[in-house]
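Chain by chain, the residues:
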Amino acid sequence: PERLKRVDAVVFHGRSEDIPVVRVHSPFFRMLTQPGEVYALKDPQRRITLGELAQEQSLSNTRLIAAAGIGSPERFFTTLRAAGLRFEPMPLDDHHAFDRNPLAGHHYDCALITEKDAVKCRALPELAADGRLCVVTQDITLDPGLIDFIIGRLCAQPQMPTAAQPT
C-alpha cells in the first residue's frame, strides 16, 4: 500500500468486477488481456488457436506442459484451462532466466509458454530449436487514457542533451 503513494499511475488488469478495492493516490487505468494464437517458437508461421489446440488434444491425447516465469503463473494456467486444455503446470519464478532448460526431463508433445518467456527462450539454443515449444500470444486492450497519460509524461520530461547539442 505504501508503494501506491509513490507511483505515477496504477494499471488494473482484468474486468471491473475482478479489480480489488484499493485506495489509489495516482491516476488509474484498466487493461484487459485475452488469449490470442499459439505459434511454434522455432517456426512462427505455424499457428493455431487455443480452441483448435484443445480440439487436437482431445482427438490425439497430446501431452501438454505449460511453463510460466511471470508474476502470476496461475493466471496463465487459468487461461489455458478455460480454453479446455489439460496440461502439467510448471510455475517458474518471475523473470526466470532460462539459462538452463526447465523442461528437460519432462515428457510432453507440446510446451506452452508466455510471450515474455519466449524472448528469453530464443536465447537458449536448446529451447530455440525445440519445435515442441509454443508461445501463447495475448491480445491486450489498454485504456486509451493510459496511452495519453504516458505520452503526456514523456513530453513533459526535460530532454537530455546529446553529443551534438551544446550543454
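Residues numbered from 1 in each chain as written. Predicted model: local features only at pLDDT ≥ 70, side-chain atom pairs only at ≥ 80, totals over all residues. Heavy atoms only, no water.

1. Let's talk about the overall build of the chain
Of regular secondary structure, the chain possesses five helices and seven strands. For the chain, the N- to C-terminal ordering of α and β elements is β-β-β-α-β-α-β-β-α-α-β-α. For the chain, the proportion of its 167 residues judged to be buried stands at 32%. Within the chain, residue pairs in contact and separated by at least 24 positions form 53% of the contacts whose partners lie at least 6 positions apart. (Helix = DSSP H or I, 4+ residues; strand = E, 2+ residues; numbered from the N terminus. Buried < 20%, exposed > 50% of the residue type's maximum accessible area, 1.4 Å probe, protein only. Contact = heavy atoms within 4.5 Å.)

2. Some thoughts on the pairing of strand β7 (residues 133-142)
As paired elements, strand β2 (residues 28-40) and β7 share eight bridges and run antiparallel to each other. Residue pairing in the sheet places M31 in a bridge with L142 of β7. Where strand β6 (residues 110-114) and β7 come together, four bridges link them in parallel fashion. Considered in β7, the bridge of I113 is made with V135. (Pairing = 2+ DSSP bridges.)

3. Points about the nonpolar core
Counting 18 residues, the largest nonpolar core has A66, F76, L80, L85, F87, L112 and V136 as its most contacted members. Broken down by secondary-structure element, the contributors of at least two residues to this core are β2, α1 (50-60), β4 (64-68), α2 (73-82), β6 and β7. One finds L92, Y108, I113 and L124 within the second-largest nonpolar core, a separate group that totals 17 residues. (Core = buried A, V, L, I, M, F, W, Y, C linked by side-chain atoms within 4.5 Å.)

4. Notes on the pattern of salt bridges
Overall, the coordinates contain six salt bridges when judged by the stated rule. Here D94 ties to K116 by a salt bridge, and the two come within 2.7 Å at their closest N and O atoms. Taken together, the residues D94 in the loop between β5 (88-91) and β6 and K116 in helix α3 (residues 115-121) connect sequence positions 22 residues apart. Judged by its relative accessible area of 38%, D94 is partly exposed. By relative accessible area, which is 32% here, K116 ends up partly exposed. (Salt bridge = Lys/Arg side-chain N within 4 Å of Asp/Glu carboxyl O.)

5. Side note on the environment of S58
Looking at the secondary structure, you find S58 in helix α1. The exposure class of S58 is exposed, given its relative accessible area of 53%.

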